[in-house]
Amino acid sequence: MTTLDVLGQTFVRLGSGRLEGAFDETWYQGRTIFGGLVAAVLARASTEAVDDPTRMPRSLTVQYAAPVVHGPVVAKAEVVRAGKHVTQTAARLEQDGRAVALALASFGAPRTHVLDVRPSGAPPVPRFDELVAMPKNVPGAPTFTQHVDLRFAMGSLPFSGAKTPEIGGWCRLRRPAPHLETLCALLDAWPTPALSMLSRPSPAATIDSTVHFLAELPLRSESTEPYEGPYLFHCVSPTIEHGYGEHLGELWTDEGRLVGRVRQMAAVF
């Protein structure tokens, strides 16, 4: 058996696509473990099941079936189909013998193609080092934010009574991690923009999340060195009805490269 590190949590490899470990209490988001950490573990288990470095993670959809608490968990992933270029996987995270999260993922080998269409650029905001980081352990902030350097730059803060649901800014993990886990975490690190329209604190919970990885991993900077951050995140909620809000987010490098998109459905209580 060998071990691997997923955002500071130690997991043991128990065969192809099977990981066993435990979450600690520093990663709570309300009454459940941070969804970005859950997604990172399922993404890593799925990658282990594929076991092919030429097939990059392209998409990951996670259904959060039940609250995940600190303590032992088991991640199980299997290959559903391996085609000529694309492999699909199915994974589940179990705790106390029951499924608490489910995931489907697609991995694809690079293709040679004449099409190359890219976004024009990231939203204009002050530079990362021109903004102040949110202090650790802010009263009322989720516990997991102690692991993330967040610097507000766009939209409105949660519970500020804003007229439009928009939020964003610079972010990076305080402890460096592989790019797959980093993108899973940072694409889920910001509050849903729906909370910005409320005037008083209210909980929210992610029901499902789909991430599209839009760059080859590991990420490289323009100098071809491994990219170390920071990242710019921008998110809006185009639809909020019946206690559920959809939000769409994008993650950019400081060189203006779009590296990931996320689409989530959250329940706002």
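What counts as what
Residue numbering note: each chain is counted from 1, following its sequence as written. For this predicted model, a pLDDT threshold of at least 70 governs which residues receive local features, and a threshold of 80 or more governs which side-chain atom pairs are given and counted, while totals over whole chains, interfaces and linings are taken from all residues. Side-chain metrics in this entry use all non-hydrogen atoms of the structure; hydrogen atoms and water are not considered. Counting from the N terminus, the helices are DSSP H or I runs at least four residues long and the strands are E runs at least two residues long. The globule rule used here is 2.2 Å times the number of residues to the 0.38 power, and the radius of gyration it is set against is calculated over C-alpha atoms. Working rule for contacts: check all heavy atoms of both residues, and any pair within 4.5 Å makes them a contact. Computed by Shrake-Rupley with a 1.4 Å probe, the accessible areas treat only the displayed protein chains as cover when residues are assessed. Exposure is judged per residue with a 1.4 Å probe applied to protein chains only, and the accessible area is read against the type maximum: over 50% gives exposed, under 20% gives buried, and values in between give partly exposed. Salt bridge criterion: a side-chain nitrogen from Lys or Arg within 4 Å of a carboxyl oxygen from Asp or Glu. Strands were regarded as paired on the criterion that DSSP finds at least two bridges between them. Each pair of aromatic rings taken from Phe, Tyr and Trp, with Trp reduced to its six-membered ring, is defined by centres within 6.5 Å and is described as stacked if the planes are under 30 degrees apart, edge-to-face if over 60, and tilted in the remaining cases. Fitted lines through C-alpha atoms give the axes, limited to the stretch in contact for helices. The angle between two N-to-C directions lies from 0 to 180 degrees. Here the angle decides the label: under 35 degrees means roughly parallel, over 145 means roughly antiparallel, 65 to 115 means roughly perpendicular, and every other value means oblique. Two helices cross in a left-handed way if the nearer one is turned anticlockwise from the farther one by less than a right angle. They cross in a right-handed way if the turn is clockwise. Asp, Glu, Lys and Arg are counted as charged, while Ala, Val, Leu, Ile, Met, Phe, Trp, Tyr, Cys and Pro are counted as nonpolar; the rest, among them Gly, fall into the polar class.

K.L.:
Looking at this model, I keep getting lost on the overall build of the protein chain. Mind explaining?
P.N.:
Secondary structure assignment for the protein chain yields two helices and 15 strands. Computed over C-alpha atoms, the radius of gyration of the protein chain comes to 18 Å, within 12% of the 18 Å expected from 2.2 N^0.38 for 269 residues, which places it in the range of a compact globule. Judged by the C-alpha coordinates and their principal axes, the protein chain covers about 50 × 50 × 35 Å. Taking contacts inside the protein chain between residues at least 6 apart in sequence as the whole, the part at least 24 apart equals 65%. Roughly 13600 Å² of accessible area belongs to the protein chain as shown, and the carbon and sulfur atoms make up 54% of that amount.

K.L.:
Would you take a moment to explain the environment of Pro226 for this structure?
P.N.:
With respect to the helices, strands and loops of the structure, Pro226 is situated in the loop between β12 (204–213) and β13 (231–241). Since its relative accessible area comes to 42%, Pro226 is described here as partly exposed. Sequence separation between Pro226 and Gln95 is 131 residues, and the spatial gap between their C-alpha atoms is 35 Å. Setting aside anything within four residues of it in sequence, one finds Pro226 in contact with Leu219 and Arg220.

K.L.:
Help me out: how do you make sense of the pattern of salt bridges in this one?
P.N.:
Any two side chains of opposite charge can pair, on the condition that their charged atoms come close. For the structure shown, the criterion picks out 12 salt bridges. For the salt bridge of Glu94 with Arg92, the shortest nitrogen-to-oxygen distance reads 2.8 Å. Judged by relative accessible area, Arg92 falls into the partly exposed class, the value being 34%. Taking the shortest distance from any N to any O, the salt bridge between Arg127 and Asp129 comes out at 3.7 Å. For Asp129, a relative accessible area of 56% translates into the label exposed.

K.L.:
What exactly am I supposed to notice about the pairing of β13 here?
P.N.:
Side-chain direction in a regular strand flips from residue to residue, so the side chains alternate between the two faces of the sheet. In this structure, strand β11 (residues 166–173) lies alongside β13, joined through six bridges in antiparallel fashion. Within the sheet, the bridge partner assigned to Gly168 lies in β13 and is His234. In the sheet, β13 pairs with strand β14 (residues 244–253) via nine bridges, with the strands oriented antiparallel. Opposite Leu232, over in β14, you have Trp252 as the bridge partner. Between the antiparallel neighbours β13 and β14 lie two residues, among them His242 with a positive phi of about 55°.

K.L.:
Can you walk me through the packing of aromatic side chains in this structure?
P.N.:
For any pair of aromatic rings, geometry is given as the distance between the ring centres together with the angle between the planes. As enumerated under the stated definition, the model contains six aromatic pairs in all. Here the aromatic rings of Phe128 and Trp170 are separated by 6.4 Å at their centres, their planes lie at 85°, and the arrangement is edge-to-face. Here Trp170 lies in strand β11 and Phe128 lies in the loop between β9 (98–108) and β10 (148–155), a separation of 42 residues in the sequence. For Phe128, a relative accessible area of 12% gives the class buried.

K.L.:
I'm lost on the packing of helix α1 (residues 35–50) against helix α2 (residues 179–186) in this one. Help?
P.N.:
For any two helices packed against each other, the geometry is given by the interaxial angle and the distance between the axes. Running from amino to carboxyl end, α1 crosses α2 at an angle of 150°, the nearest separation of the two axes being 8 Å. By the angle class used here, α1 and α2 are roughly antiparallel. Judged by the twist between their axes, the crossing of α1 over α2 is right-handed. Between α1 and α2, the residues in contact are Gly36, Ala39, Ala40, Ala43, Arg44 and Thr47 and Leu180, Glu181, Cys184 and Ala185, respectively. The class makeup of the residues in the contact of α1 with α2 is six nonpolar, two polar and two charged.

K.L.:
Explanation requested: the pairing of β11 in the structure shown.
P.N.:
Summarising burial for β11: six of the eight residues are buried, a large majority. Here β10 runs beside β11; their pairing, made up of seven bridges, is antiparallel. Within β11, the residue paired with Met154 across the bridge is Gly168.

K.L.:
I would appreciate a short explanation of the environment of Val114 in the present structure.
P.N.:
Structurally, Val114 can be placed in the loop between β9 and β10. Once the C-alpha coordinates of Val114 and Pro158 are considered, the two residues, 44 residues apart in sequence, prove to be 43 Å apart.

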